[in-house]
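In case you want the letters, here they are:
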Amino acid sequence: ASALWTQGERFGTIGCTVGDHDFEITTHRAEAYSPDSRKPEVRFSTDIEADLSRRDFTINAMALEVTTAEPTLIDPFDGLIDLQQRVLRTPIAPEESFSDDPLRMMRAARFVASFELDPVPELVEAVRAMAERLEIVSPERIRDELCKLVVVPDPTRGLWFLHDTGLADHFLPELPAMRLEQDPIHRHKDVLAHTISVVRQSPPDLTVRLAALFHDVAKPKTRSIGPHGVSFHHHEVVGARMTKDRMRALRFSNELISDVSRLVYLHLRVHTYQMGWTDSAVRRFVRDAGHLLPELLALTRADCTTRNRRKAEALARRIDELEERIEELREQEELSSIRPDLDGRAVMEHLGIPPGPLVGKALAHLLELRLEHGPMEPEEAYRALDEWWARERPAGSA
């Protein structure tokens, strides 16, 4: 072995790298949660069938005997048959299996989605009856399992499983809340159906998929009825805040929380430019998106689930036009690093002022000019700065 790691030793697992492959070697074991514990208690065993019986599902409860002349499949719970028939079952009673490790109920959602499996009725009923037990599982483990689910090619069935069994109530209550909300704009009978469609249509990138999951999370809170029907004013602003709160509770990294909540905040931005993409509009869009520009465009494309072909094609054309305008301006300007045409030192030297709020206001003004009109030559920038200073200069200053 060229590398060896032992951080899983107390759980009976040693890892190593041989050539280009990583291997994990583990002893037979069984692990279970006590009724009020967040961490499993590990017990070791010498019986392969006892070990396999503690696996989460029958399709994972198979082993290959490699010490004999010919490898032999050990499959005491008919996992191979279940895999062929696309059935999801637990090796032992589901109540016992989920009591051993309640996170297995969330893993069921991922397996249902990943392999297009049909869970047997007794498994579904056990999840419904035991969903509350998920609350003893650490937020970090729940977070990791949610991430694995949302990036499968089509997580639709898994997300509905989380909702229909009541699991989401205990770690992502915003999901079932969307089920109750009617959304006449997208022609779905509820916001949740639209949300899951957007997740499915998004590229399987974790940041984009999480943003798709949360993008309309505030619609139930922002719903109002006016003379023109139902509206969800500022749901992107409220949604960004709700996204931060939920992702913090699930112990996501600060970087991912910032990126996902920013995408939620910006997800309607493309719709504010329906009158055409002027140079100024493109600059502001790119500036606001920053390093998340590819993800924002991907989310915007996915956020079209209308069955009206004309509307869908119109949105696609609008995004195509935007991407074309971005590329055109990129050839002319440094869109990825838009900044004022003068820096703070130049402003202070030219106006004869010390560091302070006035310098910030001057730079903000120059940035607005840069966004609106594009790059300026230094003399033009100094002239614009003089015009601003003539208007904004405090009384009594030189």
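Numbering of residues begins from 1 in every chain and follows the order in which that chain's sequence is written. Totals for whole chains, interfaces and linings use all residues, but because this is a predicted model, local features are given only for residues with pLDDT of at least 70 and pairs of side-chain atoms are given and counted only at 80 or more. Side-chain measures were taken over the full set of non-hydrogen atoms in the model, leaving aside hydrogen atoms and water.

Once that is clear, we can look at the packing of aromatic side chains. Only centres within 6.5 Å qualify two rings of Phe, Tyr or Trp (six-membered ring in Trp) as a pair; their planes then separate them into stacked at under 30 degrees, edge-to-face at over 60, and tilted for everything else. Scanning the entire structure with this criterion turns up three aromatic pairs. Here the aromatic residues Phe57, Phe111 and Phe115 are joined through ring pairs into a cluster of three or more.

The next thing to look at is the pattern of salt bridges. Any carboxyl oxygen of Asp or Glu within 4 Å of a side-chain nitrogen of Lys or Arg constitutes a salt bridge here. Under the counting rule described, the total for this entry stands at 24 salt bridges. The partner of Asp100 in a salt bridge is Arg54, and the shortest N-O contact between them spans 1.9 Å. Of this pair, Asp100 sits in helix α3 (residues 94–100) while Arg54 sits in the loop between α1 (48–53) and β6 (63–65), and the two are 46 residues apart along the sequence. Ionic pairing is found between Arg269 and Asp288, a salt bridge with its closest N-O pair at 2.4 Å. With Arg269 in the loop between α13 (254–266) and α14 (279–289) and Asp288 in helix α14, this pair connects stretches of sequence that are 19 residues apart. Overlapping salt bridges bring together Asp56, Asp101, Arg107 and Arg141 as one network. Numbering of helices and strands runs from the N terminus; a helix is a DSSP stretch of H or I covering at least four residues, while a strand is a stretch of E covering at least two.

Side-chain atoms within 4.5 Å link the members of a nonpolar core, which is a set of buried Ala, Val, Leu, Ile, Met, Phe, Trp, Tyr and Cys residues. Partly exposed residues are those whose accessible area sits between 20% and 50% of the maximum for their type, while under 20% is buried and over 50% is exposed, using a 1.4 Å probe and protein chains only. Membership of the largest hydrophobic core comes to 81 residues, with the highest contact counts inside it found for Leu123, Leu162 and Phe171. With eight residues, the top contributor of residues to this core is helix α4 (residues 103–115). Contact criterion: two residues are considered in contact whenever any of their non-hydrogen atoms come within 4.5 Å of each other. Once you skip the residues sitting within four places of it in the chain, Phe171 turns out to touch Met106, Leu134, Ile142, Leu146, Leu162, Arg246 and Leu250.

Now for the pairing of strand β2 (residues 13–18). One ladder, built from three bridges, connects strand β1 (residues 3–5) with β2; its direction is antiparallel. Residue pairing in the sheet places Leu4 in a bridge with Cys16 of β2. Criterion used throughout: strands pair if DSSP finds at least two bridges between them. Bridge count between β2 and strand β3 (residues 21–26): six bridges; the pairing is antiparallel. Directly across from Val18, in β3, lies its bridge partner His21. Counted between consecutive antiparallel strands, the loop separating β2 from β3 contains two residues, among which Gly19 sits at a positive phi close to 65 degrees.

Fitted lines through C-alpha atoms give the axes, limited to the stretch in contact for helices. The angle between two N-to-C directions lies from 0 to 180 degrees. Their axes nearest at 9 Å, the elements helix α7 (residues 156–164) and helix α9 (residues 191–201) cross at an angle of 145 degrees. Relative to α9, α7 is oriented so that their crossing is right-handed. Residue-level inspection shows Thr156, Leu159, Trp160 and His163 of α7 in contact with α9, the latter providing Leu192, Ala193, Ile196, Val199 and Arg200. Following the grouping adopted for this structure description, the nonpolar residues are Ala, Val, Leu, Ile, Met, Phe, Trp, Tyr, Cys and Pro, the charged ones are Asp, Glu, Lys and Arg, and the polar ones are all others, Gly among them. Classifying every residue of the contact of α7 with α9 gives six nonpolar, two polar and one charged. With the far helix as reference, a near helix turned anticlockwise by less than a right angle produces a left-handed crossing, and one turned clockwise produces a right-handed crossing.

At their nearest, the axes of helix α10 (residues 206–214) and helix α15 (residues 293–302) sit 10 Å apart, and the two run at 45 degrees to each other. Between α10 and α15, the crossing angle belongs to the class labelled oblique. Handedness of the crossing formed by α10 with α15: right-handed. Two secondary-structure elements touch here, α10 through Val208, Ala211 and Ala212 and α15 through Glu295, Ala298 and Leu299. For the contact of α10 with α15, the per-class residue count stands at five nonpolar, no polar and one charged. For classification, angles of less than 35 degrees are called roughly parallel, those exceeding 145 degrees roughly antiparallel, those between 65 and 115 degrees roughly perpendicular, and all remaining angles oblique.

Counted residue by residue, α14 has nine buried out of 11 residues, so it is predominantly covered. Within α14, burial applies to Ser280, Ala281, Val282, Arg283, Arg284, Phe285, Val286, Asp288 and Ala289. For α14, the elements touching its buried residues are α13, α15, α16 (309–332) and α18 (357–373). In the stretch just after α14, Gly290 is the one whose phi turns positive, near 55 degrees.

With that out of the way, let us pick up the sheet that holds β1. Pairing in this open sheet of three strands is antiparallel, and the strands run β1-β2-β3 from one edge to the other. What marks the edges here is a single partner per strand, and that holds for β1 and β3. Strand-to-strand twist across the sheet, computed as the mean angle between neighbouring axes with direction ignored, equals 20 degrees.

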